[in-house]
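What follows is the residue order along each chain.
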Amino acid sequence: MTGESDHVEVDTNRNPFLLSGTKVADGYARMLVTSVGMNTTWGQMMCQISRDNDEETPLQARLNKLTSSIGKVGLAVAFLVLVVLLVRYFTGNTTDEKGNREFNGSKTNTDDIINAVVRIVAAAVTIVVVAIPEGLPLAVTLTLAYSMKRMMADQAMVRKLSACETMGSATTICSDKTGTLTLNQMKVTKFWLGQESMKGEGAYSISPSVLDLIHQGVALNTTGSVYRASTGADFEFSGSPTEKAILSWAVMEMKMDMEKMKTSCAILQVEAFNSQKKRSGVLIQRNDDDTDHVHWKGAAEMIVAMCSTYYDASGVVKDLDDDARTKFEQIIQGMAASSLRCIAFAHKQVLEEEPKKLKEDSLTLLGLVGIKDPCRSGVKKAVEDCQYAGVNIKMITGDNVFTARAIATECGILKPGEDMSSGVVVEGEEFRNYTSAERMEKVEKIRVMARSSPFDKLLMVQCLKQKGHVVAVTGDGTNDAPALKEADIGLSMGIQGTEVAKESSDIVILDDNFATVATVLRWGRCVYTNIQKFIQFQLTVNVAALCINFVAAVSAGEVPLTAVQLLWVNLIMDTLGALALATERPTKELMEKPPVGRTVPLITNIMWRNLLAQALYQIAVLLTLQFSGESIFGVTKKVNDTLIFNTFVLCQIFNEFNARKLEKKNVFEGIHKNKLFIGIIGITIVLQVVMVEFLKRFADTERLNWGQWGACIAMAAVSWPLGWVVKCLPVPEKPIFSYVKWGK
């Protein structure tokens, strides 16, 4: 139930419950059914998974706030423009092209009034269209879809599109241990023969007689099996995790031939492993010389207590006196401290005159092996990367405290010396029994939770979310499913993960490598930053267009940018701009910033600084052209309007480069890698030339000569040096709108 491969003791006193969905490994009992279906532990767990939570992702919540705020401002400005233009028209303050008053009370033709009102309403509606960033959903979807495709190449399969960006905001990652941080494959990592640790020399440095006895002890005293289809094929091991580890070690490193061993000896008597004695024994007879031998295997402290002598590496039998016993106890404790499960092998030859039974005393110790579930390669680096990026990593496991602490230290989740007393390591039961207030107070401090049930994992995730964290959970077992479902982002393992875990998750890590989690984090931040870049770019256009049309409408009674022109600007800014900025690749700098979490505003002070500087420059230039352009350039009103339109669009094209980097001064860095960006800028320029030079009637423009084009480009190009200068200005840390409600 906890996802660990260890057997759990069930007895009448301490733990009398058999849980549905688990398997009986050993023993016999009579069972009374107390609950079925949804009332069982398994049923409750499935209940948690089948609940659908339609929560908004942190980014969706921010975007909804932003778009509704922009919409309100846009509608207010449009309404003001509508009122001002209507008042000006009906009070007779407007003139037609010949200089005559347009509205002369009852003398005015009804058709003229209707046409004028329609024109005024069209101008107001256009302002609304430009103000509302309808390109935002497109930009977000494009960014997500692009990154999803790219993440597939980085071994992460995204099942839920919004998970890409949520990962960018993640502040805490709760990871399962078994199968996620570790391989879920028990492996012999230490072997002691006598009082020497045999490092890598394997079968070659041991005396043949001792080696033969070790082979016997492993091959004949086991419930596991070894299978090999053909001579060149790989070995397949079956049995409990511990048995598989010992068999694998004996075959691969100790060059044991299982079949040969089984045929060379006959088994006379067996004592199966039981949990009280923590050992198993076998009495065998060798076929070649008819001698009888007893072999024991089990928990090291139990087996050592049964021995009176031990073999050293050269095969010499030595006395197991008090000093030697103390030394062996230290070796066993040392292994336990490194979270190794310590198994010992012992042997005794039964003399012919002795009764044929399993001897339990005066044995000779053959050796000790240390077994552990090793960490995956690359986990330590990935954990460091995530911690460097400001993300907290917590380990939640069903395993015992000692193993959990040792693995957490090995992975870098715990620093050496962080002990239990400081509340960093807790057990699931302890966490469960805290009051709600205690849990909320302590949850952020906890780094390792051991002996945890699926519901403890769920509780941990819920507490962290209540504290405002954006929580990612990684897991591979069915026991992780409720937490995967509840978390903001669930990451499951593709190879070892169960179907239930994958179904409950948002992203599947295809190569089961925790290092991919760090890659997903980087992609998530990339998505978030790309959306921020687009918003900065889009809002510059919106602010400038709104201000220019508003000021011109209020003062001159007309709008310089016509409906068609504003819609064209909207098209290149929304669709093409979204495409260009959505395809930026992740950079190393993304992992140097702290996570954004739930509360940091989408538009940061840095973005406001960049955005307002560019918008104010554009407004200043375009209003100067609006009121003095005809005299400066010596052109007609129609050509002047085209100059305003052309300069406005070119400003956006130059500003698109500025939007590539929110903080860095060099906006051209890495531009050659983004072919799509260069292509889109090229297409936009070509389309703009066509719009100005050839679509005279459609776009309401006049052709411009080379000098006028040069002037437009020169005015627009100022946005590059301006962007560079503005980025030198420091901005306060505190959000600019922290005292206004919607800016939170």
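Residues numbered from 1 in each chain as written. Predicted model: local features only at pLDDT ≥ 70, side-chain atom pairs only at ≥ 80, totals over all residues. Heavy atoms only, no water.

Here we come to the pattern of salt bridges. When their charged atoms lie close together, side chains carrying opposite charge are able to pair. Following the criterion strictly, the structure yields 24 salt bridges and no others. For the salt bridge of D292 with K356, the shortest nitrogen-to-oxygen distance reads 3.3 Å. With D292 in strand β9 (residues 292–299) and K356 in the loop between β12 (341–350) and β13 (363–372), the pair connects residues that are 64 residues apart, well separated along the chain. Overall, D292 belongs to the buried group, its relative accessible area being 7%. The closest approach of N and O atoms between K664 and E669, which form a salt bridge, is 2.9 Å. With relative accessibility at 34%, the residue E669 sits in the partly exposed group. Within the structure, one salt-bridge network assembled from shared partners comprises D176, K457 and D480. (Salt bridge = Lys/Arg side-chain N within 4 Å of Asp/Glu carboxyl O. Helix = DSSP H or I, 4+ residues; strand = E, 2+ residues; numbered from the N terminus. Buried < 20%, exposed > 50% of the residue type's maximum accessible area, 1.4 Å probe, protein only.)

Right, let's get into the domain arrangement of the protein chain. If you check the domain split of the protein chain, you get domain 1 (58–149 + 520–731), domain 2 (156–183 + 376–512) and domain 3 (187–372). Once you take the C-alpha centre of each, domain 1 and domain 2 turn out to be 44 Å apart. Taken together, the contacts link 22 residues of domain 1 with 26 residues of domain 2. Summed over both sides, the interface of domain 1 with domain 2 buries roughly 1900 Å², with 70% coming from carbon and sulfur. Per-residue buried area on domain 1 facing domain 2 is highest for V520, L521 and R598; these three make up 31% of the total on that side. Linking domain 1 to domain 2 there are zero salt bridges. Elements that contribute at least two residues to the side of domain 1 that touches domain 2 include exactly α2 (58–90), α4 (135–153) and α19 (515–556). Of the residues assigned to the side of domain 1 that touches domain 2, the class counts are 13 nonpolar, four polar and five charged. (Domains from an automatic or database assignment. Contact = heavy atoms within 4.5 Å. Buried area = accessible area lost by both parts, 1.4 Å probe. Nonpolar A, V, L, I, M, F, W, Y, C, P; charged D, E, K, R; others polar.)

Moving on: the UniProt feature "transmembrane region" (unreviewed entry) in the protein chain. The UniProt record marks residues 70–90, 120–146, 539–557, 563–583, 676–694 and 706–726 with the feature "transmembrane region" (unreviewed entry), using the residue numbering of this structure. Annotated as residues 120–146, this span is 89% helix and 0% strand, and its ends, taken at the C-alpha atoms, are 41 Å apart. With 95% helix and 0% strand, residues 706–726 has its two end C-alpha atoms placed 31 Å apart. (UniProt positions renumbered as here; feature names shortened; annotations may be inferred.)

Ordered by their spatial adjacency, eight strands build an open sheet running β1-β19-β18-β17-β2-β14-β16-β15, and the pairing between neighbours is mixed. Strand pairing shows two members of the sheet lacking a second neighbour, β1 (156–158) and β15 (425–427), which therefore form its edges. Neighbour-to-neighbour, the strand axes of this sheet turn through a mean angle of 20°, independent of strand direction. Two elements, β15 and strand β16 (residues 448–450), share three bridges in a ladder whose sense is parallel. Bridge assignment links V426 to a residue of β16, and that residue is M449. Sheet contacts for α4: β1 and β19 (507–509); angle to β1, the most-contacted strand, approximately 150°. (Pairing = 2+ DSSP bridges. Axes fitted to C-alpha atoms, helices over the stretch in contact; angles between N-to-C directions.)

Position of D488 relative to the elements: it lies in the loop between α17 (481–486) and β18 (489–493). With relative accessibility at 12%, the residue D488 sits in the buried group. Side-chain polar atoms of D488 contact the backbone nitrogen of V471, separated by 2.8 Å. (Polar contact = N/O pair within 3.5 Å; in protein donor to acceptor, adjacent residues only side chain to side chain.)

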